[in-house]
Amino acid sequence: AQSVTQPDIHITVSEGASLELRCNYSYGATPYLFWYVQSPGQGLQLLLKYFSGDTLVQGIKGFEAEFKRSQSSFNLRKPSVHWSDAAEYFCAVEGNKLVFGAGTILRVKS
Amino acid sequence: EAQVTQNPRYLITVTGKKLTVTCSQNMNHEYMSWYRQDPGLGLRQIYYSMNVEVTDKGDVPEGYKVSRKEKRNFPLILESPSPNQTSLYFCASSGGYGYTFGSGTRLTVV
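Position labels on residues start from 1 in each chain and follow its written sequence. For naming, the first written chain is A and the first written ligand is 1, with later ones following in the order written. With pLDDT at 70 or above as the cut-off, local features in this predicted model cover only qualifying residues; side-chain atom pairs require 80 or more to be listed or tallied, and sums for whole chains, interfaces and linings still use all residues. Each side-chain value is worked out from all heavy atoms of the structure, with water and hydrogens disregarded.

Visitor: Hey, could you go over the environment of Ile77 of chain B for me, with residue numbers and the actual values?
Guide: All names here are of chain B. A helix here means a DSSP run of H or I that spans at least four residues, while a strand means a run of E at least two residues long, and both kinds are numbered starting from the N terminus. Here Ile77 lies in strand β8 (residues 76–78). With a 1.4 Å probe rolled over the protein chains alone, any residue whose accessible area is under 20% of its type maximum counts as buried; one over 50% counts as exposed, and the rest are partly exposed. We classify Ile77 as buried; its relative accessible area is 14%. A C-alpha to C-alpha distance of 21 Å links Ile77 and Ser94, two positions 17 residues apart in sequence.

Visitor: Describe the layout of surface pockets, with residues and values.
Guide: Taken as a whole, the largest pocket holds about 420 Å³ of empty space. Cavities and pockets were defined on a 1 Å grid built from protein atoms only: a cavity is a group of points that admits a 1.4 Å probe but offers it no way out, a pocket is an open group of points flanked by protein on both sides within 12 Å along at least five of seven lines, and a lining residue is one with an atom within 4 Å of any such point. As for the largest pocket, its lining consists of 23 residues, and the residues nearest its centre are Gln38 and Gly41 of chain A together with Gln37, Leu88 and Arg106 of chain B. Examining the composition of the lining of the largest pocket, we find that three residues originate from one element, strand β10 (residues 87–94) of chain A, more than from any other. Only Asp, Glu, Lys and Arg are considered charged, only Ala, Val, Leu, Ile, Met, Phe, Trp, Tyr, Cys and Pro nonpolar, and every remaining residue, Gly among them, polar. When the residues that make up the lining of the largest pocket are grouped by side-chain class, the tally is nine nonpolar, 10 polar and four charged. Together, Glu94, Asn96 and Lys97 of chain A together with Glu30, Tyr31, Met50, Ser94, Gly95, Gly96 and Tyr99 of chain B line the second largest pocket. Split by residue class, the lining of the second largest pocket holds three nonpolar, four polar and three charged. Grid points are joined across faces, edges and corners, and a volume is the space filled by probe spheres set on the points.

Visitor: Describe in detail unusual backbone geometry, supporting the description with residues and values.
Guide: Following Asn7 of chain B, the chain continues into Pro8 of chain B via a peptide bond in cis, with omega recorded as -5 degrees. Here Pro8 of chain B lies in the loop between β1 (4–7) and β2 (10–13). Positioned with a positive phi, Lys61 of chain A is a non-glycine residue whose angle comes to about 60 degrees. Taking relative accessible area as the criterion, Lys61 of chain A reaches 44% and is therefore assigned partly exposed. With a phi close to 60 degrees, Asn28 of chain B is a non-glycine residue in the positive phi region. Here Asn28 of chain B shows up in the loop between β3 (19–25) and β4 (31–38).

Visitor: Could you give me a rundown of the state of the cysteines, with the residues and numbers involved?
Guide: In this description, a disulfide is simply a cysteine sulfur pair whose atoms lie within 2.5 Å. For the structure shown, the criterion picks out two disulfides over all chains. Note on cysteine connectivity: Cys23 of chain A is disulfide-linked to Cys91 of chain A, with sulfurs 2.0 Å apart. Given an S-S torsion of about -65 degrees, the disulfide between Cys23 of chain A and Cys91 of chain A has left-handed geometry. A residue pair is termed long-range when its members are at least 10 positions apart, and Cys23 of chain A in the loop between β3 (19–21) and β4 (24–26) and Cys91 of chain A in strand β10 qualify at 68 residues. As far as burial versus exposure is concerned, Cys23 of chain A and Cys91 of chain A are alike and both buried. Each sulfur of the disulfide joining Cys23 of chain B and Cys91 of chain B lies 1.8 Å from the other. The S-S bond linking Cys23 of chain B to Cys91 of chain B shows a torsion near -75 degrees; that makes this disulfide left-handed. Taken together, the residues Cys23 of chain B in strand β3 and Cys91 of chain B in strand β9 (residues 87–94) connect sequence positions 68 residues apart. In this structure Cys91 of chain B comes out as buried when scored by relative accessible area, which is 0%.

Visitor: Describe the packing of aromatic side chains, and please don't skip the residues or the numbers.
Guide: All names here are of chain A. The rule is short: rings of Phe, Tyr and Trp, with Trp giving its six-membered ring, pair when the centres are within 6.5 Å, and they are stacked under 30 degrees, edge-to-face over 60, tilted in between. On inspection of all chains with the given rule, the structure shows 18 aromatic pairs over all chains. With 6.5 Å between their ring centres and 50 degrees between their planes, Tyr50 and Phe74 make a pair best called tilted. Of this pair, Tyr50 sits in strand β6 (residues 45–50) while Phe74 sits in strand β9 (residues 73–78), and the two are 24 residues apart along the sequence. Each member of the pair, Tyr50 together with Phe74, is buried.

Structural data, given as structure tokens:
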């Protein structure tokens, strides 16, 4: 069975600073990988997904993620964070089903 | 517009009073699923359905029932709700290349 680990429960970054959210997965084959964002009181919005091909994936809102098979990782990055990026971020992996990590809460300080 | 529609968005109920949360999708997806979201735990799968009349347990099925009598609908039934089922619930559907989520149902059982 697959699993997802997001090691950081909370992360605080300054507005304009770069961001990297970590995600490690466990699955025997190459999975489908996703990052979702959830603003307070809102539903889930898909940021980006990886199915195959180029391991650097571009998403919405200036986010990108890189699939590293050797490290079983799919870290989310953004070069310059905006205050509106404050939210909770979920990494998810689909093997035989879609499994989510516990989430990382991003705080942005001005 | 392709979407998954959940109702109601908010629900407060009392222990033991049967309730149903509806979920409907307009994308002709075969796969549908229910998740619950709890702080620090991410989203956990309750039940899923691969097609009409085919349902199976997810990771946290206790206290829940589902049915899939037609492709577009996948209601979640709590026959005797308890306070530990207070949570945020999401319905999702998939056609094989990613998932579409509903807006969520915030359930409080008192």
